[in-house]
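Summary of structural features
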Amino acid sequence: MKPLLEVNNLTKTFRERESDIFTAVDQISFRLYPHETLGIVGESGSGKSTVARAVARLIPVSFGEIFLEGEDITRAKGRHLRRVYQKMQMVFQSPADSFDPRRTLGYSIGESLRNSGMSKKEAGEQVRRLLHQCGLSGATADRYPHEVSGGQCQRAAIARALAIRPKLLICDEATSALDMTVQKQILELLRDLKGKYGMAYLFICHDLALVQEFCDRVLVMHGGAIVEEGTANEVIKNPKASETKRLVEAASYFTN
């Protein structure tokens, strides 16, 4: 099977001061296949969110290549990047920050539909269908981001991402700002949507229990590099890298 996403030797550096360069991600490579959920875990500062933002083309790549369905998107810009976003979308940790506070949720969810040529009426109807699919009432379309709960706002963000039927959904700590009950609901929603639309997920998370429950495979990052990879059960139940063992021990401490 051909990979949906292929990342080769991805490197991202940041210039902290005039003469100091910090390497956030150091020559990592991985593949994500259609219909698969690939988790990336690691301690804070390990580089996992930088990987997500680089793959989503939100920050430029310093070195390496990113392919989506075999197409090089490493330096996609303008019209090319807009075509890329028809196949790939991202859901962030703080959904309210990704919505325009001056616009209703329905307006923001329907923006990509209207931009694709759909009439205002058709877009409105589709927005309400998307909201229903994500467990929200159609009336949510008329509310502003600050008028709904964090869980409802995250569901609206997922509805927005689904509007163009992407093949890849990048979730960057998409459940970490939610309480455990809402986390479980969002994961169930993502699992149901994956079954319905056949999407693949790149799931960035620091919670090993969620990763074990939700992901098919997992990459463990430390210091900007991948230190271990395998199926979620293999990595979490039988960790080999010292960094992975520390993550598993810490997770066990907080759950006992």
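Cut-offs used in this document
Within each chain, residues carry numbers counting from 1 in the order of the written sequence. Per-residue local features are limited, in this predicted model, to residues with pLDDT of at least 70; the limit for side-chain atom pairs, both in listing and counting, is 80 or more; totals at the level of whole chains, interfaces and linings are taken over all residues. Side-chain measures were taken over the full set of non-hydrogen atoms in the model, leaving aside hydrogen atoms and water. What counts as a helix is a DSSP run of H or I of at least four residues, what counts as a strand is a run of E of at least two, and both are numbered from the N terminus. Computation of the radius of gyration draws on C-alpha atoms, with the globule rule given as 2.2 Å multiplied by the number of residues to the power 0.38. With a 1.4 Å probe rolled over the protein chains alone, any residue whose accessible area is under 20% of its type maximum counts as buried; one over 50% counts as exposed, and the rest are partly exposed. The Shrake-Rupley method, run with a 1.4 Å probe sphere, supplies the accessible areas, and residue values consider only the shown protein chains as cover. Charged residues are defined narrowly, with Lys and Arg counted positive, Asp and Glu counted negative, and His plus the chain ends left uncounted. Think of each charge as sitting on NZ of Lys, CZ of Arg, CG of Asp or CD of Glu. A pair of strands is considered paired only if DSSP assigns at least 2 bridges between the two. What counts as a ring pair is set by centres within 6.5 Å for rings of Phe, Tyr and Trp (its six-membered ring), and what kind of pair is set by the plane angle: stacked under 30 degrees, edge-to-face over 60, tilted for all other angles. Over a ring means this: the NZ of a Lys or the CZ of an Arg is within 6 Å of the ring centre and within 35 degrees of the ring normal. Every angle, taken between N-to-C directions, lies between 0 and 180 degrees, and every axis is a line fitted to C-alpha atoms, over only the stretch in contact when it is a helix. It only takes one pair of heavy atoms within 4.5 Å for two residues to be counted as in contact. We call two N or O atoms a polar contact when they sit within 3.5 Å, provided that within protein one can donate a hydrogen and the other can accept it, with sequence-adjacent residues counted only if both atoms are side-chain atoms. Buried residues of nine kinds, namely Ala, Val, Leu, Ile, Met, Phe, Trp, Tyr and Cys, make up a nonpolar core once their side-chain atoms join them within 4.5 Å. In this scheme, roughly parallel covers angles under 35 degrees and roughly antiparallel covers those over 145, while 65 to 115 is roughly perpendicular and the rest are oblique. Crossing handedness: left-handed means the near helix sits turned counterclockwise from the far one by under a right angle, and right-handed means the same turn made clockwise. Under the grouping applied here, Gly and all other residues not named as nonpolar or charged are polar, the nonpolar ones being Ala, Val, Leu, Ile, Met, Phe, Trp, Tyr, Cys and Pro and the charged ones Asp, Glu, Lys and Arg. We count a salt bridge whenever a side-chain nitrogen from Lys or Arg sits within 4 Å of a carboxyl oxygen from Asp or Glu.

**Topic: the overall build of the protein**
Each helix and strand in the protein was counted, giving 10 helices and 10 strands. The C-alpha radius of gyration computed for the protein amounts to 18 Å, which stays within 12% of the reference 18 Å derived for 256 residues, consistent with globular compactness. Across its three principal axes, the protein shows a C-alpha extent of roughly 55 × 45 × 40 Å. The proportion of buried residues among the 256 residues of the protein is 48%. Of the roughly 13,000 Å² of accessible surface on the protein, a fraction of 48% belongs to carbon and sulfur atoms. Charge centroids of the protein, computed over 35 positive and 31 negative side chains, lie 7 Å from each other.

**Concerning the sheet that holds strand S5 (residues 71–72)**
By way of backbone hydrogen bonds, the strands of a sheet pair with one another, either parallel or antiparallel. Ordered by their spatial adjacency, 4 strands build an open sheet running S2-S1-S4-S5, and the pairing between neighbours is antiparallel. A single partner strand is all that each edge strand has here, and the edge strands are strand S2 (21–32) and S5. Where strand S4 (residues 63–68) lies against S5, 2 bridges are found, and the strand directions are antiparallel. Counted as the bridge partner of Phe67 is Asp72 from S5.

**Observations concerning the packing of aromatic side chains**
Under the defined criterion, the tally for this structure stands at 2 aromatic pairs. Relative to Phe214, the ring of Phe203 has its centre 4.9 Å away and its plane inclined at 55 degrees; by these criteria the two rings are tilted. With Phe203 in strand S8 (residues 200–204) and Phe214 in helix H8 (residues 208–214), this pair connects stretches of sequence that are 11 residues apart. Assigned by exposure class, Phe203 and Phe214 land together as buried. The ring of Tyr107 is capped by Arg114, whose NZ or CZ atom sits 4.2 Å from the centre of that ring. Sitting above the plane of the Phe99 ring, Arg160 keeps its charged end 4.0 Å from the centroid.

**Describing the sheet that holds strand S10 (residues 225–231)**
With respect to topology, 6 strands assemble into an open sheet ordered S6-S7-S8-S3-S9-S10, the strand pairing being mixed. Two strands lie at the open edges of the sheet, namely strand S6 (88–91) and S10, each paired on one side alone. This sheet shows a mean twist of 15 degrees between the axes of neighbouring strands, independent of strand direction. Two strands pair when backbone bridges link them, and strand S7 (residues 168–172) and S8 are joined in this way by 5 bridges, in the parallel orientation. Bridge pairing in S8 places Leu169 opposite Tyr201. Of the strands in this sheet, strand S3 (37–42), S7 and S8 are in contact with helix H7 (residues 180–197), which crosses S8 at around 155 degrees.

**A short note on the side chain of Arg160**
Locating Arg160 in the fold gives a position in helix H6 (residues 150–162). Polar side-chain contacts of Arg160 include one of 2.9 Å to the side chain of Ser98.

**A closer look at the nonpolar core**
Residues Ile109, Ile158, Leu169, Leu190, Leu193, Tyr201 and Phe203 are the most contacted members of the largest nonpolar core, which totals 46 residues. Looking at this core, the element that brings in the most residues is H6, giving 7 residues.

**Focus on the packing of helix H4 (residues 105–115) against helix H5 (residues 120–133)**
Put simply, H4 and H5 touch, their axes get as near as 9 Å, and they point 120 degrees apart. Considering their axes alone, H4 and H5 lie oblique with respect to each other. In the crossing of H4 with H5, the sense of the turn from one axis to the other is right-handed. Counting all contacts with H4, which are made through Gly106, Ile109, Gly110, Leu113 and Arg114, the residues of H5 involved are Ala123, Gln126, Val127, Leu130 and Leu131. Here the residues of the contact of H4 with H5 are counted per class, giving 6 nonpolar, 3 polar and 1 charged.

**A short note on the pattern of salt bridges**
In total, this model carries 10 salt bridges according to the counting rule given. Among the salt bridges present, the one from Glu188 reaches Arg191, with a minimum N-O distance of 2.9 Å. Pair noted here: Glu188 and Arg191 are both in helix H7, with a separation of 3 residues, about one helical turn. Between Lys194 and Asp216 there is a salt bridge, with the nearest N and O atoms lying 3.4 Å from each other. Note that Lys194 is positioned in helix H7 and Asp216 in the loop between H8 and strand S9 (217–222), a separation of 22 residues in sequence. Under the relative-accessibility criterion, Lys194 is labelled buried at 18%. Of the residues examined, Asp216 reaches a relative accessible area of 39% and is grouped as partly exposed. Through salt bridges with shared partners, a single ionic network connects Glu69, Glu71, Lys87 and Lys167.

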